[in-house]
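Inside the fold
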Amino acid sequence: MSDASEWTAGADVDWDAQAPVFDDEPDHGLRAPETRAAWAGRLRGWLPDQPSDVLDLGCGTGSLALLAAEQGHRVTGVDASPAMVERARAKLAGQDARVLCGNAAAPPVVAAGYDVILVRHVLWTLPRPAEVLRHWRTLLRPGGRFVLVEGVWGSLSPVGMPVDQVTALLAPLARRIRVEPLSDDSLLWGKTVTDERYAVLAGI
């Protein structure tokens, strides 16, 4: 989500009701060419050079999944909202991709089936994130990687996860961890932001 301060917590949002307007946010719909290009460039640096199996958890309407598929990856998207899944399937029609309806914390996929787990603005909404990350690790193949885009939004009642919390949760699971700050790239968000936004890249 672009302005998570709008929500008290991800679990409290009726995502089916939000689906028709979800892509109105610049970083959700990626409708502006410069925003789309900014995310495509980041993904190109985060995902493997060779075609890989990418699991996009909490994929929403499938905008990042589409970019990954367009870069030659085989993509599986998972979202708990049937309305989001419907829009993602339409967006990904004709691509080497599938979209499943399911819980991002325990997605309906096989173990050790993926090279990349891609998650944007979802981990902070899930109870017991350490347990979730341990489960997600079982879905990765040896040599796989996490690509986690998270942040802390809002000033009066901030929500999200500070980067130190995410890296600490990943430390027992990963061989290497790299943090990429994202707050200073206004093209990603369609506006200037001052809160904490980042990507954590972790190889297992």
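Everything below is about the structure printed above this text.
Summary of the structure given here. This one's a predicted model, so the numbers in the text were calculated from it and none came from an experiment. (Residues numbered from 1 in each chain as written. Predicted model: local features only at pLDDT ≥ 70, side-chain atom pairs only at ≥ 80, totals over all residues. Heavy atoms only, no water.)

Comments concerning the overall build of the protein chain
A count of helical and extended segments in the protein chain gives 8 helices and 8 strands. Expected size for 204 residues packed as a compact globule is a radius of gyration near 17 Å; at 15 Å, the protein chain falls within 12% of this value. Dimensions of the protein chain along its principal axes, counting C-alpha atoms only, are 40 × 40 × 30 Å. In the protein chain, the proportion of contacts linking residues at least 24 apart, taken out of those at least 6 apart, comes to 64%. Taken as a whole, the protein chain presents about 8,900 Å² of accessible surface, with 52% of it coming from carbon and sulfur. Once the 20 positive and 26 negative side-chain charges of the protein chain are each reduced to a mean point, those two points are 7 Å apart. (Helix = DSSP H or I, 4+ residues; strand = E, 2+ residues; numbered from the N terminus. Rg over C-alpha atoms; globule rule 2.2 N^0.38 Å. Contact = heavy atoms within 4.5 Å. Areas by Shrake-Rupley, 256 points an atom, 1.4 Å probe, with all protein chains shown as cover. Lys, Arg positive; Asp, Glu negative; His and termini not counted. Charge placed at Lys NZ, Arg CZ, Asp CG, Glu CD.)

Here we look at the layout of surface pockets
Its volume calculated, the largest pocket comes out at about 620 Å³. If you trace the largest pocket, you find 31 residues lining it, with Trp15, Gly58, Asp79, Val122 and Thr125 closest to the centre. Of the residues belonging to the lining of the largest pocket, the class tally is 16 nonpolar, 11 polar and 4 charged. Of the voids in this model, the second largest pocket is the one considered here, and its volume is about 150 Å³. Around the second largest pocket, the lining residues are Gly45, Trp46, Arg145, Val147, Arg176, Ile177, Arg178, Leu201, Ala202 and Gly203. Mapped by element, the contributors of at least two residues to the lining of the second largest pocket are helix 3 (33-46), strand 5 (140-153), strand 7 (176-181) and strand 8 (196-203). Residue classes in the lining of the second largest pocket are distributed as 5 nonpolar, 2 polar and 3 charged. (1 Å grid on protein atoms, 1.4 Å probe; cavity = no way out; pocket = protein on both sides within 12 Å on 5 of 7 lines; lining within 4 Å. Points joined across faces, edges and corners; volume = space filled by probe spheres on them. Nonpolar A, V, L, I, M, F, W, Y, C, P; charged D, E, K, R; others polar.)

Some details on the pairing of strand 3 (residues 97-101)
Here 5 bridges tie strand 2 (residues 74-79) to strand 3, and the two strands are oriented parallel to one another. In the sheet register, Thr76 faces strand 3, and the bridge partner there is Arg98. Assessed by its sense of winding, the connection that carries the chain from strand 2 through helix 5 (residues 82-91) to strand 3 is right-handed. (Pairing = 2+ DSSP bridges. Right-handed = clockwise from strand over helix to strand, strands pointing away.)

With respect to the packing of aromatic side chains
In the structure shown here, the tally under the stated rule is 4 aromatic pairs. Judged by centre distance (5.4 Å) and plane angle (85°), the ring pair of Trp39 and Trp189 falls under edge-to-face. Here Trp39 is found in helix 3, whereas its partner Trp189 is found in helix 8 (residues 186-189), with 150 residues between them in sequence. No difference in accessibility class separates Trp39 from Trp189, as the two residues are buried. Their ring planes at 55° and their centres at 5.7 Å tell us that Trp124 and Trp153 sit as a pair that is tilted. Placement of Trp124 in the loop between strand 4 (114-120) and helix 6 (129-139) and of Trp153 in strand 5 is noted, with a sequence separation of 29 residues between them. A relative accessible area of 12% places Trp124 in the buried class. On the basis of relative accessible area, Trp153 is assigned to the buried category, the value being 1%. Among the aromatic residues, ring-to-ring pairing joins Trp39, Trp46 and Trp189 into one connected group. (Phe/Tyr/Trp six-rings, centres within 6.5 Å; stacked < 30°, edge-to-face > 60°. Buried < 20%, exposed > 50% of the residue type's maximum accessible area, 1.4 Å probe, protein only.)

Details of the nonpolar core
Nonpolar side chains in soluble globular proteins tend to be buried together. Core analysis: the largest hydrophobic core is formed by 33 residues, its most contacted members being Ile117, Trp136, Phe146 and Leu148. Elements represented by at least two residues in this core include exactly strand 1 (53-57), strand 4, helix 6, strand 5, helix 7 (163-170) and strand 8. When neighbours within four sequence positions are excluded, Trp136 is seen to be in contact with Leu57, Ala104, Ala105, Pro107, Ile117, Val119, Leu123, Leu126, Phe146 and Leu148. In terms of nonpolar packing, the next biggest core, distinct from the first, is built from 30 residues, Trp39, Val54, Ala69 and Leu188 among them. (Core = buried A, V, L, I, M, F, W, Y, C linked by side-chain atoms within 4.5 Å.)

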